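Below, each chain spelled out in residue letters.
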Amino acid sequence: MTGFFRLRIAAVISGILLLLPFEAAAQDFPQGSTSGTTEINAERQAGRFPFINFEIREPESSQEVAFSVQVLLLLTILSLAPSILILTTSFLRVSIVLDFIKRALSLQQVPPTQVLNGIALFLTLFIMWPVFSDVYSNAFRPLSDGEMNVETAYQEAAKPMRLFMFRQMSDDTTSLQLFISMAGLERPNTLADIPTHVLIPAYVLHELTVAFKIGIYLYIPFIIIDMVVASILMSMGMIMLPPVQISMPFKLILFVLVDGWTLLTQQLFVSFK
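Just so it is clear, the structure is predicted and the values come from calculations on it, not from any experiment. (Residues numbered from 1 in each chain as written. Predicted model: local features only at pLDDT ≥ 70, side-chain atom pairs only at ≥ 80, totals over all residues. Heavy atoms only, no water.)

1. Quick word on the overall build of the protein
- Along the protein, the regular secondary structure elements total 10 helices and 0 strands.
- Mapped in sequence order, the helices and strands of the protein form the string α-α-α-α-α-α-α-α-α-α.
- The 273 residues of the protein split such that 25% are buried.
- Counted over contacts in the protein with a minimum sequence separation of 6, partners at least 24 positions apart contribute 69%.
- Carbon together with sulfur atoms contributes 66% to the accessible area of the protein, which is approximately 20600 Å² in total. (Helix = DSSP H or I, 4+ residues; strand = E, 2+ residues; numbered from the N terminus. Buried < 20%, exposed > 50% of the residue type's maximum accessible area, 1.4 Å probe, protein only. Contact = heavy atoms within 4.5 Å. Areas by Shrake-Rupley, 256 points an atom, 1.4 Å probe, with all protein chains shown as cover.)

2. Comments concerning the packing of aromatic side chains
- Under the definition given, this model contains 6 aromatic pairs.
- Taking 6.4 Å as the distance between ring centres and 50° as the angle between the ring planes, the aromatic pair formed by F222 and F255 counts as tilted. Remark: F255 occurs in helix α9 (residues 243-257) and F222 occurs in helix α8 (residues 196-235); sequence separation between them is 33 residues.
- The class of F255 is buried, set by a relative accessible area of 8%.
- Ring pairs connect the aromatic residues F100, F212 and Y219, which therefore count as one cluster.
- R93 extends its terminal NZ or CZ atom over the ring of F272, reaching a point 4.0 Å from the ring centre. (Phe/Tyr/Trp six-rings, centres within 6.5 Å; stacked < 30°, edge-to-face > 60°. Lys NZ or Arg CZ within 6 Å of the ring centre and 35° of its normal.)

3. What to know about a nonpolar patch on the surface
- Judged by side-chain polarity, I216, Y217, I220, I224, V228, I232, M236 and M238 come together as a nonpolar surface patch covering roughly 810 Å² of accessible area.
- Counting through the fold element by element, I232 comes out in helix α8.
- According to the relative accessible area criterion, I232 is partly exposed, its value standing at 44%. (Patch = residues over 30% accessible without salt bridge, like charges linked within 9 Å, V, L, I, M, F, W, Y side chains within 5 Å. Salt bridge = Lys/Arg side-chain N within 4 Å of Asp/Glu carboxyl O.)

4. Structural notes on the layout of surface pockets
- Each pocket or cavity is described by its volume, and for the largest pocket that value is around 1400 Å³.
- I77, I84, A153, Y154 and A157 are, among the 29 residues lining the largest pocket, the residues nearest its centre.
- Looking at the lining of the largest pocket, the elements that each hand over two or more residues are α3 (62-88), α5 (113-144), α6 (150-168) and α8.
- Examining the composition of the lining of the largest pocket, we find that 12 residues originate from one element, α3, more than from any other.
- Among the residues making up the lining of the largest pocket, the classes are represented as 23 nonpolar, 4 polar and 2 charged. (1 Å grid on protein atoms, 1.4 Å probe; cavity = no way out; pocket = protein on both sides within 12 Å on 5 of 7 lines; lining within 4 Å. Points joined across faces, edges and corners; volume = space filled by probe spheres on them. Nonpolar A, V, L, I, M, F, W, Y, C, P; charged D, E, K, R; others polar.)

5. A short note on the nonpolar core
- V94, I101, F164, L176 and L264 are the most contacted members of the largest nonpolar core, which has 41 residues in total.
- Sort the elements by how many residues they give to this core and helix α4 (residues 91-104) lands first, with 9 residues.
- Sequence-distant contacts of V94, defined by excluding residues within four places in its chain, comprise A120, L123, I127, L268 and F272. (Core = buried A, V, L, I, M, F, W, Y, C linked by side-chain atoms within 4.5 Å.)

6. A short note on the confidence of the model for the protein
- Summing up the model confidence of the protein, the mean pLDDT is 76 and the portion of residues at 70 or higher is 74%.
- For the protein, helix α2 (residues 22-25) is the element with the lowest average pLDDT, namely 42, and α4 is the one with the highest, namely 88.
- Across residues 17-27 the pLDDT falls below 50, and counting only partners more than four positions away or on other chains, this stretch makes 4 contacts in the model. (pLDDT = per-residue confidence, 0-100.)

Written out as structure tokens, the structure reads:
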């Protein structure tokens with residue numbers, strides 16, 4: 001108990017010392033130390049924060065109205081840019097096929113969806129690199145150097161993207177004819193006569209069709225394994241045992257033995273002309 005009371009007395013004394021003015025406790029520095037002071041310079045100005053002002057007024061000319069509309073359209077395009085890139089590149093087909101192989105293997109959490117999307121993103125960069133290089137050389141770089149305006153840069157950037165989409169639909173123009181008829185357009189003489197707003201949805205439908213065809217081919221061998229395992233379990237009287245629980249290891253072994261990820265990536269890359 002004596003030690004406890006000593007600790008309490010020491011704590012009280014320490015509190016009293018802390019309550020004393022700092023100047024009185026630290027006014028004198030030890031001898032031989034660097035000279036200094038604890039006083040605050042009264043002439044020193046406090047930190048200043050910038051003042052932000054937003055002004056809303058009526059436009060004074062038609063040029064200001066046009067500029068405001070251009071800014072609004074630019075913000076809209078930037079917000080839709082991820083969706084546009086997904087729908088106009090090879091990302092759509094690759095991501096759907098990778099999701100199909102995950103479901104065919106009866107996998108729920110492995111690999112995660114973020115990993116599959118990352119693989120699809122980098123594979124898209126490999127496939128679309130020549131197209132992106134043309135867009136950078138013919139549109140973005142001249143625009144940044146001031147050699148062309150925004151409208152011309154957009155036309156130059158759309159050319160390689162349109163050529164890529166037309167090249168993918170060269171063997172099947174059903175979806176393209178569908179949207180041309182829905183838009184009420186006349187039969188185009190050249191590919192340049194087809195508007196971009198007709199080309200993009202036709203390309204999306206074509207990519208969905210191709211991705212589902214590849215998914216069906218991927219499902220067939222794994223469905224056969226499921227059927228064999230289910231027949232064996234039923235013949236053994238194990239009706240309550242889920243067949244997927246037994247067939248999944250066999251499907252994984254088959255997929256690993258044939259080096260499935262390498263074959264799938266290679267065939268996806270080759271599928272784009």
